[in-house]
Amino acid sequence: MRLSFQKYQGLGNDFLLIDNRHQEELLLTPEQAQHWCDRHFGVGADGVIFLLAGTGESDYRMRMYNADGSVAEMCGNGIRCLAKFIFALEGRSAGETVRYRIDTLAGLIVPEVQADGQVTVDMGKPQLLAQQIPTTLAAADQKVIDVPLMVGDRSWLVTCVSMGNPHCVTFVEDVAAVDLATLGPQFEHHPVFPQRTNTEFVQVLGSDRLRMRVWERGAGMTLACGTGACATLVAAVLTNRLSPVGNQAQATVELPGGDLHIRWDLPSQHLYMTGPALAVFSGTLP
Ligand code: ZDP
């Protein structure tokens, strides 16, 4: 069977997008997804995202595999790409503003394609309790804020945030000095994270600027992570490293692939992420 795909990227976090609207069964198995994500033996991508028909409460559904074939509940850069993919499938023209209610394994997420082509996503509320991450770093109903964790030869102060998927955020003086390739897998597979974890190292650059490097669960070192950028802002507020102004906290999060703007509306607790998403090419799998 030949299968069409489009490749999109958001800040260099790249995905294969598959139009799966006409059937319930996903058009690729986890093994096939892993194969096609390989950068030498396949197309090359950080994950595969499937667009499924909506349910009534949602306009569409999103499902995702990481590059290793594991399932991710949510993907911030990916859902911006998905919104642009839908925008094109619906035959919309540049300059239109359109919102989509997308059912994900992390609940209803609402991206809006802006007139300038950027996408702003209502990412929903962060979840902070240890059982929600999930992690055994604290009692089930407690938050994990600057808690010591032994990784490698030292202890790190970590803050855990779920954006539907697990994140472990560590603030450091200098993100460039972090040996991410060594530490990333040790955090990802640490026994205190039963569902593994995405791992972010963050440097505070100013009152509204954070720099972050990420090791993604199931994908390794990537150029950007949208859910991770949201988790980073939340962790910065929870640890008093960034102060809300009025009833919101916001920051530009500098990622290796570029900048994301993240805003946390405190009354509703919802996070809003704004950034680019672009089509790269389309192709056919044999
Ligand atoms: O939770 C996970 O397993 C992640 N690897 C999913 C992908 C997250 C992503 N980088 C994002 O932008 O949120 C795509």
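Above: the structure in question.
Numbering of residues starts from 1 in every chain and runs along the sequence as written. Restriction of local features to residues with pLDDT of at least 70 applies here, the model being predicted, together with a cutoff of 80 or more for giving and counting side-chain atom pairs; totals for whole chains, interfaces and linings are based on all residues. The side-chain quantities take in all heavy atoms of the structure and omit both hydrogens and water.

All right, on to the overall build of the protein then. Counting from the N terminus, the helices are DSSP H or I runs at least four residues long and the strands are E runs at least two residues long. Scanning the protein from terminus to terminus reveals 4 helices and 18 strands. As defined in this context, the radius of gyration uses C-alpha atoms, and a globule is described by 2.2 Å times the residue total to the power 0.38. Here the C-alpha atoms of the protein give a radius of gyration of 18 Å, agreeing with the 19 Å that 2.2 N^0.38 yields for 286 residues. If one aligns the C-alpha atoms of the protein with their principal axes, the spans along those axes are about 50 × 40 × 35 Å. Working definition: with a 1.4 Å probe on protein chains only, accessible area under 20% of the residue-type maximum means buried, over 50% means exposed, and in between means partly exposed. The buried share among the 286 residues of the protein stands at 52%. For the protein, restricting intrachain contacts to residue pairs at least 6 apart in sequence, the fraction spanning at least 24 positions comes to 59%. Taken as two groups, the 21 positive and 30 negative side-chain charges of the protein have centres that lie 3 Å from each other. The contact criterion used is simple: two residues touch if any of their non-hydrogen atoms lie within 4.5 Å. Positive: Lys, Arg. Negative: Asp, Glu. His and the chain ends are not part of the count. Charge coordinates come from a single atom per side chain, which is NZ of Lys, CZ of Arg, CG of Asp or CD of Glu.

Right, let's talk about the site of the ligand for a bit. Summary of the distance rule: residues count as near a molecule or strand when at least one heavy atom falls within 4 Å of that molecule or strand. Inspection of the region around the ligand gives 17 residues, with Cys75, Gly76, Glu216, Gly226 and Thr227 positioned closest. Here an oxygen atom of the ligand sits 2.8 Å away from a polar atom, N or O, in the side chain of asparagine 66. Side-chain atoms alone can form a polar contact between residues adjacent in sequence; in general such a contact is a pair of N or O atoms within 3.5 Å, and within protein one must be able to donate a hydrogen while the other accepts it. Arginine 217 is positioned with one of its side-chain polar atoms (N or O) 2.8 Å from an oxygen atom of the ligand. For the ligand, the protein covers 100% of the area, taking 380 Å² as the surface of the free molecule. When residues are grouped by polarity, Ala, Val, Leu, Ile, Met, Phe, Trp, Tyr, Cys and Pro land in nonpolar, Asp, Glu, Lys and Arg in charged, and all others, Gly among them, in polar. A breakdown of the residues in the shell around the ligand according to their chemical character gives 7 nonpolar, 8 polar and 2 charged. Where accessible areas are quoted, they stem from the Shrake-Rupley method and a 1.4 Å probe; at the residue level, only the protein chains shown are allowed to cover.

To continue, consider the nonpolar core. Grouped together as the largest cluster of nonpolar side chains are 57 residues, with contacts concentrated most on Leu82, Tyr100, Ile262 and Leu271. Apart from residues lying up to four places away in sequence, leucine 82 is in contact with Leu17, Ile49, Leu51, Met62 and Ile102. In this structure, Val147, Leu149, Val151 and Cys168 belong to the second largest nonpolar core, which totals 21 residues. For the purposes of this section, nonpolar cores are sets of buried Ala, Val, Leu, Ile, Met, Phe, Trp, Tyr and Cys residues that join through side-chain atoms within 4.5 Å.

Our focus in this paragraph is the environment of phenylalanine 193. For phenylalanine 193, the location among the structural elements is in the loop between helix H3 (180-188) and strand S12 (198-206). Taking C-alpha positions, phenylalanine 193 is 8.6 Å from proline 166, a pair spaced 27 residues apart along the chain. Setting aside chain neighbours within four positions, we find phenylalanine 193 in contact with Pro134, Thr135, Leu137, Leu149, Cys160, Cys168 and Phe187.

The next point concerns helix H1 (residues 30-37). Taken residue by residue, H1 has Ala33, Trp36 and Cys37 as its buried positions. Across the axial projection of H1, the buried residues extend over an arc of 100°, all falling on one side. Of the surrounding elements, those touching the buried residues of H1 are strand S2 (13-19), strand S3 (47-53), strand S4 (60-66) and strand S18 (278-285). What the arc measures is the spread of directions leading from the helix axis to the C-beta atoms.

Turning our attention to the pairing of strand S11 (residues 166-171). Across the 6 residues of S11, 6 count as buried, placing the element largely inside the fold. For two strands to be treated as a pair, DSSP must find at least two bridges joining them. As paired strands, strand S10 (residues 154-162) and S11 are joined by 5 bridges and run antiparallel to one another. Each bridged residue has a counterpart across the sheet, and for valine 158 the counterpart in S11 is threonine 170. The antiparallel pairing of S10 with S11 creates a hairpin that spans 3 residues between the two strands, and glycine 164 there sits at a positive phi of about 95°. With 5 bridges connecting them, S11 and S12 associate as parallel partners. Each residue of the ladder has a partner; that of valine 169, found in S12, is glutamate 200. Handedness of the crossover joining S11 and S12 through H3: right-handed. A crossover gets the label right-handed when its path from the first strand over the helix to the second runs clockwise, viewed with the strands pointing away from the viewer.

This paragraph deals with H3. Owing to its 3.6 residues per turn, the α-helix brings residues three or four apart onto one side. Taken together, the buried positions of H3 are Leu180, Leu183, Gly184, Phe187 and Glu188. Down the axis of H3, the smallest arc covering the buried residues is 130°, so these residues share one side. Close packing links the buried residues of H3 with strand S9 (147-151), S10, S11, S12, strand S13 (209-216) and strand S14 (220-221).

Attention now moves to the environment of valine 234. Note that valine 234 resides in helix H4 (residues 226-238). Overall, valine 234 belongs to the buried group, its relative accessible area being 0%. Each C-alpha atom, one on valine 234 and one on valine 169, is 9.6 Å from the other, the two residues being 65 residues apart in sequence. Residue contacts for valine 234: discarding those within four places in its chain leaves Pro126, Leu128, Val161, Trp264 and Leu271.

Everything listed here is a matter of geometry and, on its own, says nothing about what the molecule does.
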